[in-house]
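So the chains spell out like this:
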Amino acid sequence: MLKKILMSLMLSLVFVLAACGGSEEDTGSDEGSEEMEENGGEESASGNNLDISATNFEFDQSEYTVEAGEEVTVNLTNEEGTHGIAIDEFDVNMEGEGSTTFTPEEPGEYTIECSVPCGEGHEDMQSTLIVE
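Residues numbered from 1 in each chain as written. Predicted model: local features only at pLDDT ≥ 70, side-chain atom pairs only at ≥ 80, totals over all residues. Heavy atoms only, no water.

## Here we look at the confidence of the model for the protein chain
The predicted structure's coordinates, where accompanied by low pLDDT, should not be read in detail.
Point 1. Per-residue pLDDT for the protein chain has a mean of 77; in total, 65% of the residues score no lower than 70.
Point 2. Per-element confidence in the protein chain ranges from a low mean pLDDT of 39 for helix α2 (residues 33–38) to a high of 96 for strand β9 (residues 108–113).
Point 3. With pLDDT under 50 throughout, residues 20–45 is counted as low confidence; its partners more than four residues away or in other chains account for 40 contacts. (pLDDT = per-residue confidence, 0-100. Helix = DSSP H or I, 4+ residues; strand = E, 2+ residues; numbered from the N terminus. Contact = heavy atoms within 4.5 Å.)

## Description of the state of the cysteines
Point 1. Counting across every chain of the model gives zero disulfides.
Point 2. In this model Cys-114 remains outside any disulfide bridge; the closest cysteine sulfur is found in Cys-118, 4.0 Å from its own.
Point 3. With a relative accessible area of 7%, Cys-114 lands in the buried category. (Disulfide = S-S within 2.5 Å. Buried < 20%, exposed > 50% of the residue type's maximum accessible area, 1.4 Å probe, protein only.)

## With respect to the sheet that holds strand β3 (residues 58–59)
Point 1. The four strands are arranged β3-β2-β5-β8 in an open sheet whose pairing can be described as mixed. This sheet does not close on itself; its edge strands, each paired only once, are β3 and β8 (98–102).
Point 2. Note that strand β2 (residues 49–55) and strand β5 (residues 72–78) share six bridges and pair parallel. For Ile-52, the partnering residue across the bridge sits in β5 and is Leu-76. (Pairing = 2+ DSSP bridges.)

## Regarding the packing of aromatic side chains
Point 1. Following the criterion strictly, the structure yields two aromatic pairs and no others.
Point 2. Residues Phe-90 and Phe-102 carry aromatic rings whose centres are separated by 5.0 Å and whose planes lie at 25° to one another, so their mutual orientation is stacked. Pair noted here: Phe-90 is in the loop between β6 (84–87) and β7 (92–95) and Phe-102 is in strand β8, with a separation of twelve residues, a long-range link. Residues Phe-90 and Phe-102 agree in their burial class; the two are buried. (Phe/Tyr/Trp six-rings, centres within 6.5 Å; stacked < 30°, edge-to-face > 60°.)

In structure tokens form, the structure reads like this:
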């Protein structure tokens, strides 16, 4: 019985540590870099597409900006580890890479959080969505 409990604990620990420990192949894409520099490190949605890249315990930008009333497509790429995106106010909950759409109607600032428990820095893995 004790052996089974210890084995379960070890497997759980391995799962938690592996969630952020994996890596994806680098695509070498610098798309959006120029726009980010022009906006002082802030990325706007281009053509209603919001490309978010996640590494261990952070998203590639601290802020993303979109227009109110326009449909937004969010594309998540995991550059390092396994992450997801949650924006509670818009019922967005992606667990892993992929795309989703939503339409923000109200201007304001909303928290983007990692939705996949990914290790020690998971609690701090946040960014801000600015709806203008």
